[in-house]
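Report on the structure
Below are the chains, spelled out letter by letter.
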Amino acid sequence: MDPKNSWWKWLGFVLLLYAIPLSWIGKVSVQGMLHETIRNLYYHVSMWFAMLLLMLLAAYWSVKALATASLGHDLRAASFSSVAFVFGLAGVATGSLWARHTWGTYWTNDPKLNGAAGALLIYAAYFILRASIPEPLKRLKAAAVYNIFGFVMTVLLVGLLPRITRSLHPGNGGNPGFGTYDLAGHMRPVFYSMVLGFTALGAWIAQIKTRISAVEQKHLIT
Amino acid sequence: MISVLRRIATLASHDLQSLWRTGSNIGALVVYVLSTIFLFYRVFLSVSQPRLWTSLLWLTLLFSSAFVASGLFRHLLGSGRTYYFFLARPSELFLSKALTAFAMQSLVFILNVVGFAVFLGFPVASAWWFLLALWLSALAVASVFILSTAVASKADAGGGLTAVLGFPLMVPTLTVSLQATGLASDGIIGPAFFKHLALLVGLCILPLLLGAGLFSYLWRD
């Protein structure tokens, strides 16, 4: 490993090493109906943040792929999208468990939940699109355009729409954000470390995945 | 600027003319819409709940707009590509297709609303605001479909892929649309309604801007 290009892997490793133990045993602000489930904040919310950051990177590689017509960038976009998809699934799963303990049900008709489901559907359609075009260059263009469009719609879905409609989520539909009450000062460093650590971990996985598919397809990474 | 707009209008009117002269496309649409509405009539006889009315309307609208969009890029591929390449810029071509889709979608919309009103009734408080919100949503749906068709035309998978790519992207549009039409059908015309109306206009324009920028990458090989 070249230390000049892999510092972010070490950074992510150290951040997770610091944050994961603290997420279990660290001091949290226990209140109201949340009780100790507030610890899920470290996982649920950071999954979504990491997913959105990885999707942003996928959209960035898609733009690069369109601009340079390089298959390596195309592979990167695909890998980042699929890792982001897995993080999204983890976000849904952790959120569903949390909702069971606080709102009393695994799934509710909440705009943020519907938006999350919509975002995952968009990326599922992206993988279907990739699978249905055998020619690499054609696939690069179609997939990249759809990825960029899908990312814009995802930002609308999970970022904008829940804020203007009624939502159970903190910080949406007139509800105060977690930051106002619950996210006490000593929780912030752990939370931000989780976000950055998981994003770095995801990017690392995506990089390895890119290399594997490049070997499989015998394309040089350019 | 004027010449760009004129080129777009000319291309769109050419498209509409060829659609009209071929006849089979518009005929298929009319038959599809009317037979679906008649089917709903046989099942429900009349619909008094605005929510059910709207969702039934979306069933016909979504599939008919997917049908309209899926045919629009066919002649731009193959030998037609070279011809159009010298005629207009890709962004102009895309916008002309969007204009065609908007015109066709408005036709489908009118056909649907009239058919629904005749057969199933019209259970809405603020009719004109409701129709405006619904029409804007129909255009927003068409504008998402036009971009997903452009992407799907890269694959030789036929019309099915348009629907697969388009439906997930439809979620935001339909969410906003349901809120807006819900407010109008209850007769609550206030700041919340106009906020949703403005969002719908934004959702019409956003895919067009993205498509106009990105279509050149899709089109040239």
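Check the entry above for the structure.
Throughout what follows, the structure given in this document is the object of discussion.

Conventions we followed
Residues numbered from 1 in each chain as written. Chains lettered and ligands numbered in written order. Predicted model: local features only at pLDDT ≥ 70, side-chain atom pairs only at ≥ 80, totals over all residues. Heavy atoms only, no water. Helix = DSSP H or I, 4+ residues; strand = E, 2+ residues; numbered from the N terminus. Buried < 20%, exposed > 50% of the residue type's maximum accessible area, 1.4 Å probe, protein only. Contact = heavy atoms within 4.5 Å. Areas by Shrake-Rupley, 256 points an atom, 1.4 Å probe, with all protein chains shown as cover. Buried area = accessible area lost by both parts, 1.4 Å probe. Polar contact = N/O pair within 3.5 Å; in protein donor to acceptor, adjacent residues only side chain to side chain. Nonpolar A, V, L, I, M, F, W, Y, C, P; charged D, E, K, R; others polar. Patch = residues over 30% accessible without salt bridge, like charges linked within 9 Å, V, L, I, M, F, W, Y side chains within 5 Å. Salt bridge = Lys/Arg side-chain N within 4 Å of Asp/Glu carboxyl O. Phe/Tyr/Trp six-rings, centres within 6.5 Å; stacked < 30°, edge-to-face > 60°. Lys NZ or Arg CZ within 6 Å of the ring centre and 35° of its normal. Axes fitted to C-alpha atoms, helices over the stretch in contact; angles between N-to-C directions. Parallel < 35°, antiparallel > 145°, perpendicular 65-115°, else oblique. Left-handed = near helix turned anticlockwise from the far one by under 90°. Core = buried A, V, L, I, M, F, W, Y, C linked by side-chain atoms within 4.5 Å. Expected span 1.5 Å × (residues − 1).

So, the overall build of chain B
In terms of regular secondary structure, chain B is built from 8 helices and 0 strands. Along its sequence from the N terminus, chain B presents helices and strands in the succession α-α-α-α-α-α-α-α. For chain B, the proportion of its 221 residues judged to be buried stands at 51%. A separation threshold of at least 6 residues defines the contact pool for chain B, and within that pool the share at least 24 residues apart is 83%. With the model as given, the accessible surface of chain B reaches about 9900 Å², and the carbon-plus-sulfur share is 70%.

Examining the overall build of chain A
The helix and strand inventory of chain A stands at 7 helices and 0 strands. Counting all 222 residues of chain A, 53% fall into the buried class. Put simply, of all contacts in chain A between residues at least 6 apart along the chain, 74% involve residues at least 24 apart. Taken as a whole, chain A presents about 10500 Å² of accessible surface, with 71% of it coming from carbon and sulfur.

A few points about the interface of chain A and chain B
On the chain B side, the residues contacting the 27 residues of chain A number 28 residues. Taken together, both faces of the contact between chain A and chain B bury some 2500 Å²; the carbon and sulfur share is 83%. Per-residue buried area on chain A facing chain B is highest for Lys 141, Val 145 and Phe 149 of chain A; these three make up 23% of the total on that side. Viewed at the interface, chain B and chain A are joined by 1 residue pair in polar contact (both at pLDDT 80 or more). Elements supplying a minimum of two residues to the side of chain A that touches chain B: helix 4 (111-131) and helix 5 (136-164) of chain A. Ranked by the residues each element gives to the side of chain A that touches chain B, the list is headed by helix 5 of chain A, at 15 residues. A per-class count over the side of chain A that touches chain B returns 19 nonpolar, 5 polar and 3 charged.

A word on a nonpolar patch on the surface
Residues Trp 10, Phe 13, Val 14 and Leu 17 of chain A make up a contiguous nonpolar surface patch of roughly 450 Å² in combined accessible area. Examined against the element boundaries, Phe 13 of chain A turns out to sit in helix 1 (residues 7-25).

Let's talk about the environment of Thr 10 of chain B
In this structure, Thr 10 of chain B sits in helix 1 (residues 2-22). Measuring from C-alpha to C-alpha, the distance between Thr 10 of chain B and Ser 96 of chain B comes to 8.1 Å, with 86 residues separating the pair along the chain.

Observations concerning the packing of aromatic side chains
As enumerated under the stated definition, the model contains 22 aromatic pairs over all chains in all. Consider the rings of Phe 49 of chain A and Phe 191 of chain A, whose centres lie 5.8 Å apart with planes at 70°: the pair is edge-to-face. On the criterion of sequence distance, the pair formed by Phe 49 of chain A in helix 2 (residues 41-68) and Phe 191 of chain A in helix 7 (residues 188-217) is long-range, its members being 142 residues apart. Of the residues examined, Phe 49 of chain A reaches a relative accessible area of 40% and is grouped as partly exposed. Among the aromatic side chains, those forming a connected cluster through ring pairs are Phe 40, Trp 53, Phe 116, Phe 122 and Phe 130 of chain B. Sitting over the ring of Trp 61 of chain A, Arg 76 of chain A keeps its end group 5.0 Å from the ring centre.

Thoughts on the packing of helix 5 (residues 90-120) of chain B against helix 8 (residues 191-219) of chain B
All names here are of chain B. At a closest axis distance of 8 Å, the pairing of helix 5 and helix 8 adopts a crossing angle of 130°. It follows that helix 5 is oblique to helix 8 by the angle criterion. Two packed elements cross with a definite hand, and for helix 5 against helix 8 that hand is right-handed. Of helix 8, the residues touching helix 5 (which contributes Pro 90, Ser 91, Leu 93, Phe 94, Leu 95, Ala 98 and Phe 102) are Pro 207, Leu 208, Gly 211, Ala 212, Phe 215, Ser 216 and Trp 219. Classifying every residue of the contact of helix 5 with helix 8 gives 11 nonpolar, 3 polar and no charged.

Quick word on the nonpolar core
Counting residues in each nonpolar core, the largest one holds 127 residues, and the members touching the most others are Tyr 146 of chain A together with Phe 215 of chain B. When residues of this core are assigned to their parent elements, the largest contribution, 17 residues, is made by helix 6 (residues 127-152) of chain B. When neighbours within four sequence positions are excluded, Tyr 146 of chain A is seen to be in contact with Ile 122, Ala 125, Tyr 126 and Leu 129 of chain A together with Val 151, Leu 165, Pro 168 and Leu 169 of chain B.

Details of the pattern of salt bridges
The full count for this structure, using the stated rule, is 5 salt bridges over all chains. Here Arg 130 of chain A ties to Asp 74 of chain A by a salt bridge, and the two come within 2.9 Å at their closest N and O atoms. Placement of the pair is Arg 130 of chain A in helix 4 and Asp 74 of chain A in helix 3 (residues 71-102), with a sequence separation of 56 residues. Here Glu 135 of chain A ties to Lys 138 of chain A by a salt bridge, and the two come within 3.8 Å at their closest N and O atoms. Among the charged side chains, a salt-bridge network with shared partners connects Arg 7, Arg 89 and Glu 92 of chain B.

Things to note about the environment of Ser 126 of chain B
All names here are of chain B. Here Ser 126 lies in the loop between helix 5 and helix 6. By relative accessible area, which is 17% here, Ser 126 ends up buried. With 59 residues separating them in the primary sequence, Ser 126 and Ser 185 have C-alpha atoms 5.9 Å apart.

With respect to the side chain of Thr 154 of chain A
Tracing the backbone shows Thr 154 of chain A in helix 5. Apart from the residues lying within four places of it in its own chain, the contact partners of Thr 154 of chain A are Leu 52, Met 55, Ala 119, Ile 122, Tyr 123 and Gly 159 of chain A.

Thoughts on helix 2 of chain A
Spanning 28 residues, helix 2 of chain A covers 40 Å between terminal C-alpha atoms, matching the ideal 40 Å at 1.5 Å per step. Directly after helix 2 of chain A, the chain includes Ala 69 of chain A, whose backbone phi takes a positive value near 55°.

Observations regarding unusual backbone geometry
Not every positive phi belongs to a glycine, and Ala 69 of chain A is a case in point at roughly 55°. Of the residues examined, Ala 69 of chain A reaches a relative accessible area of 39% and is grouped as partly exposed. Of note in this structure, Leu 45 of chain B is not a glycine but carries a positive phi near 65°. Inspection of the secondary structure puts Leu 45 of chain B in the loop between helix 2 (24-44) and helix 3 (50-70).

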